[in-house]
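# Summary of structural features
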Amino acid sequence: MEIFKGTATFSGIAIGKILYYSRGEYQIRQSLVSNIKKEIEEFQRARSQAAAALLELYEKKCLLNEQEAKTFLEQKNLLESESYQKAIESCISSEKVNAAYAVMTNRDEITETFRSLEEPAVRKRIADIQEISNRLIQILGGASLHINLGEEPVILVTESLSPTEIMEMDKEKLLAVVMHHGSAVSHTSIVAKTMEIPTLVDIVADDAWDGLTAIVDGYTGTLYLDPDGEIQKEYEIRLEADKKEKEELLKLKNEKDVTADGKEIGLYANIGNMSDLNNVLYYGAAGIGLLRSEFQYLGRESYPRENELFLAYKKIAETMGDRPTVIRTADLGADKQASYLDIPEEINPIMGNRGIRFCLDRKEMFKSQLRAIYRASVYGNLAMMYPMVSSEKEMEEIEELIQEVKQSLREQDIPFRDIRTSIMIETPAAVMISRELARRVDFLSIGTNDLTQYTLAMDRQNLLLKDKYDDHHPAILRMIRMVVEAAHQEGREAGICGEIAADTALTETFLRMGVDFLSVVPACILPVRKALRETDLGGR
């Protein structure tokens, strides 16, 4: 038996056979072609086939997770873009080479040119080009497009996986994922978390492991290779206990979010797309504490129309009924971009024109979303939250636009409600003026993901910093307390909607700080409910 220690990015226990997956590097030879027209036709045939496959994957995955499915749509759009097609056809024509070699050459040149750039949007673009290029090469070479997991569920071990690769897999055949490269905040890990698959990273894999029995402990980040009988028996018992614990948690679906001594706490869900609505209701969340509205702006060719936004918000409002739904206005910029937005390149987009700053620069776009939200407000219990606010001047601009929107709706005899508003506290500046900001809205919600990276001056997606990035840093906890106290001084509620809200080790700490509500991904609703129901604040 060998024991390997890595980093768990999603918890759970898995026992099974290892399938070692090695992404094949196709050795494409350069060959001169005499019929250039025919070679370009071969490229276009492969491109059409790849585009059709990506569209099929998009439509299939939309039923499960619309936001993650947009990756396939973005790749299809890139594959069909004039610039990408011209680059390949130009290489075939000018160098008289075969299509597969032209695709490979274009892929490698782009990768090498932009390899040193760290901006998330650029890295995402490079990854998409690599994936569509590999897909084309596979078609041109007649290779299989899918990872064959076999007939029985397996523990997949590999150097790395792309989000596309993991989304293409059959979840029922995947017990766990173990990777050498990756992090808890990488896109692949987030997709695995959405699929509720135990995942480990930072484990150097070996193809000799293929076919061996292994145990994945997604709580401690441990991989047991070829475990002895005693360890396997212990984990079989733990696996059964894990299943029973989940069954017990399901009994809490309809229980109240109240501490052992009777204090009621709001427990809401964070969602990024319409397909998550069923999970919100299934796990018994009190409402939606954070609806990331970017899903309506990304993976498309033009701005969504007001009526399209309105219909989506109307459906959410009607589905949730009396349960509150907090719509965060579009948090675009940084790593959330689309070509039609025409966002100028920035040296450091994470610190750039994003969130409310971007919306206030695109006032017509912003007003269109505000109108859609207010129009939908009569169909349910909607609220609105502004991201990345760092000054009262920004709030003055927002308030002015809202008055314009309301006046316009009145003049058109379009009904609306005066809905509750909120600010997402995500910067140290917002923390320091949180009392002033609280006076302008109905409640505050602390976005600890961005607040942590801005406070620590660490990009949370930088793999070089993954061992230094600490969202439990004392400074973060003190800032949470400061915001809660400031809100309460103004008679407002304050809660947490970042990833840290789901950390049950901190549930009691948050409640003793006076946090009024927590908003977490749907899969974490029940564990957090269990933790808060077991918390006794009587000695507070």
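Okay, so let's go over this structure. (Residues numbered from 1 in each chain as written. Predicted model: local features only at pLDDT ≥ 70, side-chain atom pairs only at ≥ 80, totals over all residues. Heavy atoms only, no water.)

Turning our eyes to something else, we now look at the pattern of salt bridges. Using the criterion set out here, one finds 27 salt bridges in the structure. The partner of Lys86 in a salt bridge is Glu82, with the nearest N and O atoms 2.9 Å apart. Taken together, the residues Lys86 and Glu82, both in helix H3 (residues 82-95) and 4 residues apart, mark about one turn of the helix. One salt bridge connects Glu306 with Arg371, and the closest N-O pair in it is separated by 2.8 Å. With a gap of 65 residues between them, Glu306 in helix H10 (residues 306-320) and Arg371 in helix H12 (residues 363-376) connect regions that are remote in the sequence. (Salt bridge = Lys/Arg side-chain N within 4 Å of Asp/Glu carboxyl O. Helix = DSSP H or I, 4+ residues; strand = E, 2+ residues; numbered from the N terminus.)

Pairing in this open sheet of 8 strands is mixed, and the strands run E1-E8-E7-E3-E4-E5-E6-E2 from one edge to the other. Both edges of this open sheet fall to strand E1 (2-5) and strand E2 (7-10), since each of them pairs with a single strand only. Averaged over all neighbouring strand pairs, the angle between strand axes comes to 30°, with direction disregarded. With 5 bridges connecting them, strand E3 (residues 13-21) and strand E7 (residues 213-217) associate as antiparallel partners. Bridge assignment links Ala14 to a residue of E7, and that residue is Val216. Sitting on the sheet, helix H8 (residues 229-250) touches E3, E7 and strand E8 (222-225), and the angle it makes with E3 is about 110°. (Pairing = 2+ DSSP bridges. Axes fitted to C-alpha atoms, helices over the stretch in contact; angles between N-to-C directions. Contact = heavy atoms within 4.5 Å.)

In terms of residue burial, strand E13 (residues 420-425) counts as a mostly covered element, since 5 of its 6 residues are buried. With helix H13 (residues 392-411) bridging strand E12 (residues 382-386) and the parallel E13, this β-α-β connection has right-handed handedness. Both E13 and strand E14 (residues 443-446) contribute to a ladder of 4 bridges, which runs parallel. For Ser422, the partnering residue across the bridge sits in E14 and is Phe443. (Buried < 20%, exposed > 50% of the residue type's maximum accessible area, 1.4 Å probe, protein only. Right-handed = clockwise from strand over helix to strand, strands pointing away.)

Mapped onto the elements, Glu426 comes out in the loop between E13 and helix H14 (428-432). The buried charged residue Glu426 lacks any salt bridge, with Arg328 as its nearest oppositely charged partner at 4.8 Å. Side-chain polar atoms of Glu426 contact the backbone nitrogen of Met388, separated by 2.6 Å. The residues touching Glu426, leaving out its near neighbours within four places in the chain, are Pro387, Met388, Gly447, Asp450, Leu451 and Tyr454. (Lys, Arg positive; Asp, Glu negative; His and termini not counted. Polar contact = N/O pair within 3.5 Å; in protein donor to acceptor, adjacent residues only side chain to side chain.)

A word on the sheet that holds E14. Strands belonging to one sheet form pairs held by backbone hydrogen bonds; the direction of such a pair is parallel or antiparallel. Strands sit in the order E9-E10-E11-E12-E13-E14-E15-E16 around a closed barrel of 8 strands; the barrel is parallel. On average, each strand axis in the sheet is tilted by 25° relative to the strand beside it, whichever way the strands run. In this structure, E12 lies alongside E13, joined through 4 bridges in parallel fashion. Its bridge partner being in E13, Met385 is matched across the sheet by Ser422. Packing of H12 onto the sheet brings it into contact with strand E11 (325-328) and E12, and relative to E12 it is tilted by some 155°.

Let us look at the nonpolar core. By size, the foremost hydrophobic cluster in this structure holds 86 residues, and its most contacted members are Tyr386, Ile480 and Phe510. Excluding residues within four positions of it along the chain, Phe510 makes contact with Leu477, Ile480, Ile496, Ile500, Ala501, Val515 and Leu518. (Core = buried A, V, L, I, M, F, W, Y, C linked by side-chain atoms within 4.5 Å.)

Turning next to unusual backbone geometry. Unlike most non-glycine residues, Met388 shows phi in positive territory, near 60°. Structurally, the position occupied by Met388 is in the loop between E12 and H13. Taking relative accessible area as the criterion, Met388 reaches 0% and is therefore assigned buried.

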